[in-house]
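Inside the fold
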Amino acid sequence: MDTDSKAKKYLIGRKVDRFFIKVHKASSFTIRYFKELVTSPHEVGEFVQQCYNIGYRSLSLITLTSFITGYVFTKQSRPSLSEFGATSWIPSLVGIAMIRALAPLVTALICAGKVGSSIGAEIGSMKVTEQIDAMEVSAVNPYKYLIVTRVTASTLMIPVLMMYAGFVGLMGSFLNVSQNELTTLTAFFHNAFEKITMLDIVSSVIRSLAYGFTIGIVGCYKGYNTSQGTQGVGKAANAAVVASMFLIFIEEVILVQVINWFR
Amino acid sequence: MAEQKINNLSRVIEVKDLYKSFNENHVLRGVELELSKGENLVVLGRSGTGKSVLIKILSGLLKQDRGTAIVLGQEVSQLNELSLRALRQKIGFSFQNSALYDSMTVKQNLEFPLIRNVRHLSRKEINSRIEGVLDAVGLLQSLNQLPAELSGGQRKRIGIARTLILQPEIMLYDEPTAGLDPITSIEINNLINEVRARFHTSSIIITHDLTCAKTTGDRIAMLLDGQFVKTGTFDEVFATKDPRIQSFYDYNFIN
Ligand SMILES: Nc1ncnc2c1ncn2[C@@H]1O[C@H](COP(=O)(O)OP(=O)(O)OP(=O)(O)O)[C@@H](O)[C@H]1O
Ligand SMILES: [Mg+2]
């Protein structure tokens, strides 16, 4: 809110200084989340509402994309596997691909688009229409009401959506398998989970928690720092999607490495 | 209303030598201001002179660069989060564009600050307080409407009702009549006077509407180039020969 009104003195250089100021702003915003999360009062009603918005309202999109991902992935893997006469490996291959990699990533990217942009736009428009200032002056903590609820809901809902996406993806795969081979649903799922360990599932859940947190906090941060009127709202929504997708890929690389040390 | 005697001379707001700039834009340059208990002070000034900035500093939304802004005995910029929140419960801020929460109905808009600031209210007490302020602004029938379904004037009233619900001691009105037709403006002016009579508030009313200034203000302060150049009753202020003040007056009544 407060524009820097000090004389122009840069510690290193204009760009470098700006970068560190941004990093500082973003990290204090994130640290504040944890502080406000543990202090009462808690906005339980708004939190539940946000779980509904983020979780339930993304269901149809997640269903469609993960079903198609499972189906297409299976269809495209078949020719090369059948060259070796190894089509019976398909369920197990799809199981590994889906649970370890595709479900977390597909869910995170779809939600970065859907949830991230809607949080960014909503908070952003509340900012430019002074609704956030109105909360402040009526002695309500807008950070608690708007940010903590959304970030927590997104952190908890993305893992749930991820598990659902994994299941639906396997169903898509099963559709393709049953079109080509004789198999039952139970046999398919049995094979799909044969090579899956507890660590695989835990790893996917942990990564999804991280992605959910990223989507929520980036969307809120971009929205909360919107300026320049309605034009800024579009920018905030857009920046929220781009930044959270970028961070999700970086986190994916790092987290997969870290979790592999435990194998 | 304007001739109402101010018996209690205690200052609720005291601003001294206040400066505020945004980069190269020096908005406030040595503002001095006092508001007595029970007084309606009108701040006049052209667009962009920093009227909104001034009351945002008074409510702690912005921080001044220099000078003091004392509200109810406390320097606003020095307060920690908790004391600032306590102070804000005593200040009602009616925004220039109403700033109603779009996603909530009128009732939820009014309830929002109430249930978060006054704990342990029963459902009945909440409802009676909501009805009380809605009645004061004359919009009881809009209880379950969304802000998008209201007219600009109705939104202004709901905005005022929402600030009244915490029973503030000080009201800050940011252009309460801007963008409204003359009749609705007069209704809002009367509402401002009614609010004072009913809730015993002291108010700062920002406007560039001279009818509003004349009907609501005990005292008028003219903000020009970042300072108050003239303070006094309506007639005193416009009796001066300062061409900048005169042109303000002429312009208003040509329209
Ligand atoms: N948050 C901000 N960041 C940068 N500049 C700002 C900010 N808020 C206000 N300003 C600048 O301060 C100046 C005064 O703004 P302010 O909103 O106080 O004007 P005003 O007197 O209320 O005008 P109006 O009658 O149009 O509402 C403007 O030039 C504006 O650009
Ligand atoms: Mg203004």
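Refer to the preceding data block for the structure.
We now turn to the structure provided with this report. (Residues numbered from 1 in each chain as written. Chains lettered and ligands numbered in written order. Predicted model: local features only at pLDDT ≥ 70, side-chain atom pairs only at ≥ 80, totals over all residues. Heavy atoms only, no water.)

1. Observations concerning the overall build of chain B
Check the secondary structure of chain B and you find nine helices and 10 strands. Here the C-alpha atoms of chain B give a radius of gyration of 18 Å, agreeing with the 18 Å that 2.2 N^0.38 yields for 255 residues. Seen through its C-alpha atoms, chain B measures out along the principal axes to roughly 55 × 45 × 40 Å. Across the 255 residues of chain B, 52% fall into the buried class. Summarising the internal contacts of chain B: among those between residues at least 6 apart in sequence, 67% fall at separations of at least 24. Here chain B displays about 11,600 Å² of accessible surface, and carbon together with sulfur accounts for 50% of that area. (Helix = DSSP H or I, 4+ residues; strand = E, 2+ residues; numbered from the N terminus. Rg over C-alpha atoms; globule rule 2.2 N^0.38 Å. Buried < 20%, exposed > 50% of the residue type's maximum accessible area, 1.4 Å probe, protein only. Contact = heavy atoms within 4.5 Å. Areas by Shrake-Rupley, 256 points an atom, 1.4 Å probe, with all protein chains shown as cover.)

2. Let's talk about the overall build of chain A
Helices and strands together make up the secondary structure of chain A, namely nine helices and zero strands. In terms of its C-alpha atoms, chain A occupies a principal-axis envelope of roughly 75 × 45 × 35 Å. Within chain A, counting contacts between residues at least 6 apart in sequence, those at least 24 apart form 84% of the total. Approximately 13,400 Å² of chain A is accessible, and the part contributed by carbon and sulfur atoms is 68%. Across chain A, 23 positive and 16 negative side-chain charges occur, with their mean positions spaced 6 Å apart. (Lys, Arg positive; Asp, Glu negative; His and termini not counted. Charge placed at Lys NZ, Arg CZ, Asp CG, Glu CD.)

3. Observations regarding the interface of chain B and chain A
Each side of the interface is counted separately: chain B has 31 residues, and chain A has 24 residues. For the chain B and chain A pair, buried surface summed over both sides reaches about 2,200 Å², with 52% attributable to carbon and sulfur atoms. For the interface between chain B and chain A, the tally reads three salt bridges. Across the salt bridge formed by Glu130(A) and Lys56(B), the nearest N and O atoms sit 2.9 Å from each other. At the junction of chain B and chain A, the tally comes to six residue pairs in polar contact (both at pLDDT 80 or more). Looking at the side of chain B that touches chain A, the elements that each hand over two or more residues are strand 1 (11-22), helix 2 (81-88), strand 6 (91-94) and helix 3 (106-117) of chain B. Broken down by element, the side of chain B that touches chain A gets its largest block of residues, four residues, from helix 3 of chain B. For the side of chain B that touches chain A, the class distribution of residues is 13 nonpolar, six polar and 12 charged. (Buried area = accessible area lost by both parts, 1.4 Å probe. Salt bridge = Lys/Arg side-chain N within 4 Å of Asp/Glu carboxyl O. Polar contact = N/O pair within 3.5 Å; in protein donor to acceptor, adjacent residues only side chain to side chain. Nonpolar A, V, L, I, M, F, W, Y, C, P; charged D, E, K, R; others polar.)

4. Regarding the sheet that holds strand 4 (residues 66-71) of chain B
Residue and element names in this part refer to chain B. The strand order 2-1-4-5 describes an open sheet built from four strands, whose pairing is antiparallel. With partners counted over all chains shown, the strands left at the sheet margins are strand 2 (25-36) and strand 5 (74-75), one partner each. Contacting strand 1, strand 2 and strand 4, helix 1 (residues 51-58) runs over the sheet at an angle of about 120° to strand 1. (Pairing = 2+ DSSP bridges. Axes fitted to C-alpha atoms, helices over the stretch in contact; angles between N-to-C directions.)

5. Here we look at the sheet that holds strand 6 of chain B
Residues and elements named next belong to chain B. Spatially, 6-7-8-3-9-10 is the arrangement adopted by the six strands of the open sheet, whose pairing is mixed. Strands with a single pairing partner mark the edges of an open sheet, and in this sheet they are strand 6 and strand 10 (227-232). Within this sheet the neighbouring strands show an average axis-to-axis angle of 15°, counted without direction. Pairing of strand 7 (residues 170-174) with strand 8 (residues 202-207), which is carried by five bridges, proceeds in the parallel orientation. Counted as the bridge partner of leucine 172 is isoleucine 204 from strand 8. Across the sheet, helix 1 lies against strand 3 (40-45), strand 6, strand 7, strand 8, strand 9 (219-224) and strand 10, angled at about 155° from strand 8, the strand it touches most.

6. Digging into the packing of helix 6 (residues 142-180) of chain A against helix 8 (residues 198-224) of chain A
All names here are of chain A. At a closest axis distance of 7 Å, the pairing of helix 6 and helix 8 adopts a crossing angle of 150°. Between helix 6 and helix 8, the interaxial angle falls into the category roughly antiparallel. Classified by chirality, the crossing of helix 8 by helix 6 is right-handed. Contact residues: Pro142, Tyr143, Ile147, Arg150, Val151, Ser154, Thr155, Ile158, Pro159, Met162 and Met163 in helix 6; Ser204, Val205, Ser208, Leu209, Gly212, Phe213, Ile215, Gly216, Ile217, Cys220 and Tyr224 in helix 8. Residues of the contact of helix 6 with helix 8, tallied by class, amount to 15 nonpolar, six polar and one charged. (Parallel < 35°, antiparallel > 145°, perpendicular 65-115°, else oblique. Left-handed = near helix turned anticlockwise from the far one by under 90°.)

7. Brief notes about the coordination of the magnesium ion (ligand 2)
Reference geometry at the metal: tetrahedral coordination by four donors gives ideal angles of 109.5 degrees; octahedral coordination by six donors gives 90 or 180 degrees. The protein atoms donating to the magnesium ion (ligand 2) are Ser52(B) (OG) and Gln96(B) (OE1), with metal-donor distances spanning 1.9 to 2.4 Å. Of this pair, Ser52(B) sits in helix 1 while Gln96(B) is found in the loop between strand 6 and helix 3, placing the two residues 44 residues apart along the sequence. (Donors = N, O, S within 2.8 Å, 3.2 Å for Na, K, Ca; no water.)

8. Digging into helix 9 (residues 229-260) of chain A
Residue and element names in this part refer to chain A. With 32 residues, helix 9 extends 46 Å from end C-alpha to end C-alpha; this agrees with the ideal 46 Å at 1.5 Å per step. For helix 9, the full list of buried residues reads Gly232, Val233, Ala236, Ala237, Ala240, Val241, Ser244, Ile248, Glu251, Glu252, Leu255 and Ile259. Against the buried residues of helix 9 lie helix 4 (90-128) and helix 8. (Expected span 1.5 Å × (residues − 1).)

9. Concerning the pairing of strand 9 of chain B
For a regular strand, side-chain orientation follows a simple rule: the groups alternate between the two sheet faces. All names here are of chain B. Across the six residues of strand 9, five count as buried, placing the element largely inside the fold. Sheet analysis places strand 3 next to strand 9, joined by five bridges and oriented parallel. In the strand pairing of strand 9, valine 42 is matched with isoleucine 220. Note: strand 9 against strand 10, five bridges, orientation antiparallel. Of the residues in strand 10, the one forming a bridge with leucine 223 is phenylalanine 228. With antiparallel pairing between neighbouring strands as the criterion, strand 9 and strand 10 make up a hairpin whose turn holds two residues, including aspartate 225 at a positive phi of roughly 50°.

10. With respect to the site of ligand 1
As a matter of local geometry, ligand 1 sits amid 16 residues, with Ser47(B), Gly48(B), Lys51(B), Ser52(B) and Glu175(B) nearest to it. Around ligand 1, the neighbouring residues derive from chains A and B rather than from a single chain. Contacts to ligand 1 include Gly50(B), whose backbone N or O atom sits 3.0 Å from an oxygen atom. For ligand 1, whose accessible area on its own is 630 Å², the fraction buried by protein is 68%. Secondary-structure elements contributing two or more residues to the shell around ligand 1 are strand 2 and helix 1 of chain B. No other element matches helix 1 of chain B, which puts three residues into the shell around ligand 1. (Near = heavy atom within 4 Å.)

In short, geometric facts, not functional conclusions.
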